[in-house]
Amino acid sequence: MENKTYHITTFGCQMNEHDSEIIAGFLENMGYQPAELENAGIEVINTCSVRENADKHFFGTLGQLKHRKEDDPDFLVAVCGCMMQQKRIVDEINSKYPWVDIIFGTNNLYRFPHLLNDAVSKHDREREVWDEADGVKEGLPSLRKFKHKAFVNITYGCNNFCTYCIVPYTRGRERSRKPEDIIAECERLARDGVEEVTLLGQNVNSYAGGMDFAGLLREVEKVDGIERIRFMTSNPKDLSDRLIEAIADSDKICNNIHLPFQAGSDDVIRRMNRHYTHASYLDLVGRIRAAVPDITMSTDIIVGFPGETEEDFQRTLDMVEEVRYDSAFTFLYSVRPGTPAADFEDQIPEDVKHDRFDRLVEAVNRISAEKNKLYEGRIERILVDGASKREPSAQSGRTDGFKLVNFKSDCDLTGRFVDVRITKGKTFSLEGELV
Ligand code: 5AD
Ligand code: SF4
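## Some thoughts on the site of ligand 1
Then, number 1: Around ligand 1, the neighbouring residues are V50, Y164, Q262, D300, I302, F331, L332, Y333, S334 and R336.
Then, number 2: Contact between ligand 1 and Q262: an oxygen atom at 2.7 Å from a side-chain N or O atom of the residue.
Then, number 3: Those elements that provide at least two residues to the shell around ligand 1 are strand 13 (296-303) and strand 14 (327-332).
Then, number 4: Among the residues making up the shell around ligand 1, the classes are represented as 6 nonpolar, 2 polar and 2 charged.

Now the structure itself:
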C-alpha cells in the first residue's frame, strides 16, 4: 500500500518556513499526513542558499537518504527552494544524486502537486525549475505551524543586489502582492483564529502594490481579530517617516524592528551596494527611537567582507555599541558563487574572520544581556506559543518587542495573551511568572 505520509526539512529564513507551510498545505490537500522522517513516504527538503555552508549541509542531508532510497524504491525525495534556482546545484544533483525524484524551484512552488502526481503515477523523475518568476500566485494553501500566528508574504524577490547576496538571483525581481489579496488573506486568517501576522518580504519598505508599506500596515490594522502585526525585513535605505509614524500611532503594530546594517564602515557599506552610511543609519535609528521610545531593535551583521580592514571592523563594533541592539544575527562572510563580491579581491583569511566574529559576538551578547536585565521586575504582555522547547513544564511566548519569555504554568496557554512579571533577564531570553 502506498505510504501517504510526509516529512519536510526546512533550511533558512522565514520566507522558506512559510514556503514549507504551503508545501504542507498542498500535501494535506492531497491526503498526506505528517510523519517522522524514518517513517515518511516522502521527504521534502526545502533549501536555502544564504546560510553559511549551505551547500555542504544540503548535500550531507541528501546523501543520508541514499540507503533509504535503495531499500525502498517507493520512498520519494523532493528537493526545492532557493538552491534549486542555481543551475550548478541542479547539475550536481543530476550527476551525483540522480535518484532524487522531484526538483522544483521557488518560482514554480505552486506546481508541486502536479509534479508529485506525475512522480507517483508515472514513476518519472520530475525536474522543473523556472528561471523567471511569473508574477504572483494567489490562493495557495498553507498548513500553519501555529494556530494563533501566521506568516503573510507581501513581496517576493528583491531588486537590491547587495553584492554578497544570492537572493536577487534565486528569488527573482521584486513583485508586490495586491493589497486586497493581502487583506483578504489576513481576514481569512483572523477568522481561523490567528491573532498575530508577520508580513514578509526581502525588503518590506519597498512594497509597491498601489500603496506604500505604511499604507498597507494601516489597512492590515483594520482587520478585526488581528491583535499584533510584525514585519520583516526592513532595508534601512527605504525606511520612510510614514512607516515610523504608523508604528508610533498603532497599538497593533509591534514595537520591534529588524534593521540589518551589515557593516559599520562607509567604504564596506558602499562596496556592499547598500546605499546608506554609518551616519545616516544612526540618524534613522535616532528618528525611530524618538518616535517610538520603547522599540526593540535587531539586526544582521556580516564580518569579513572582502577588503574589510581592522579599522573597518572597528566601525562595525562602534555601531553595535552606539545602537545597542536587543539581539543580532551575526554572519561570517562567505562566497556565494555568481554574486559580485565572489570576484572581489582581498578575501579575508578564515582566522582573521573568526577572530573578528568572536569579538563581535562578545559585544552583541553582552549588550543583549544588559538590555534584558532591564526587564527584571517589569510586567509584560505575552502571546503564548506553547510549551517551552527546553522545559515541557514551562510555557513560552513573545513580548510585543519579540523577547522570548519562559514561565512556569500547569496548563497549556497556547494562543492566549497573558501578563508575566519578568524575574530574570538572560542573554537570549527572559524568565517570568504569571501574574
Ligand atoms: N555571507 C554572509 N552572510 C550573508 N548574508 C547574506 N548573504 C551572505 C553572505 N554571502 C546574511 C545577511 C542577510 C542575512 C539574511 O544573511 O546578513 O541580512
Ligand atoms: Fe539580499 Fe540585499 Fe535583497 Fe536583502 S536587500 S535580499 S541582503 S540583495
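## Quick look at the site of ligand 2
Then, number 1: Neighbouring ligand 2 are C158, N160, F161, C162, Y164, C165, V167, P168, Q202, N235 and R274.
Then, number 2: For the shell around ligand 2, the class distribution of residues is 7 nonpolar, 3 polar and 1 charged.

## Some words on the pairing of strand 10 (residues 196-200)
Then, number 1: Most of strand 10 is tucked away: 5 of the 5 residues are buried.
Then, number 2: Of the two faces of strand 10, the one holding E196, T198 and L200 and the one holding V197 and L199 are both buried throughout.
Then, number 3: Pairing of strand 7 (residues 149-153) with strand 10 involves 5 bridges; the strand directions are parallel. Bridging across to strand 10, A150 finds its partner in V197.
Then, number 4: Relative to strand 11 (residues 228-232), strand 10 runs parallel, the two being bridged by 5 bridges. Along strand 11, the bridge assignment pairs E196 with R228.
Then, number 5: Handedness of the crossover joining strand 10 and strand 11 through helix 8 (residues 213-221) is recorded here as right-handed.

## Focus on the sheet that holds strand 1 (residues 5-10)
Then, number 1: Ordered in space as 2-1-3-4-5-6, the 6 strands form an open sheet in which the pairing is parallel. Each edge of the open sheet carries a strand with a single partner, namely strand 2 (33-34) and strand 6 (126-128).
Then, number 2: Packed on one face of the sheet, helix 1 (residues 14-29) meets strand 1, strand 2, strand 3 (42-47), strand 4 (76-81) and strand 5 (102-104) and runs near 170° to strand 1.

## Focus on the sheet that holds strand 11
Then, number 1: Here we have 3 strands laid out as an open sheet, ordered 7-10-11, and parallel in their pairing. Of all the strands in the sheet, the pair left with one neighbour each is strand 7 and strand 11. With strand direction ignored, the average angle separating the axes of adjacent strands in the sheet is 20°.
Then, number 2: Helix-sheet contacts for helix 1 involve strand 7, strand 10 and strand 11, and the interaxial angle to strand 7 is about 105°.
Then, number 3: Running over the sheet, helix 8 touches strand 10 and strand 11 and is turned about 155° from strand 11.

Criteria and cut-off values
Residues numbered from 1 in each chain as written. Chains lettered and ligands numbered in written order. Predicted model: local features only at pLDDT ≥ 70, side-chain atom pairs only at ≥ 80, totals over all residues. Heavy atoms only, no water. Near = heavy atom within 4 Å. Polar contact = N/O pair within 3.5 Å; in protein donor to acceptor, adjacent residues only side chain to side chain. Helix = DSSP H or I, 4+ residues; strand = E, 2+ residues; numbered from the N terminus. Nonpolar A, V, L, I, M, F, W, Y, C, P; charged D, E, K, R; others polar. Buried < 20%, exposed > 50% of the residue type's maximum accessible area, 1.4 Å probe, protein only. Pairing = 2+ DSSP bridges. Right-handed = clockwise from strand over helix to strand, strands pointing away. Contact = heavy atoms within 4.5 Å. Axes fitted to C-alpha atoms, helices over the stretch in contact; angles between N-to-C directions.

Don't take any of this as a statement about function, it's just geometry.
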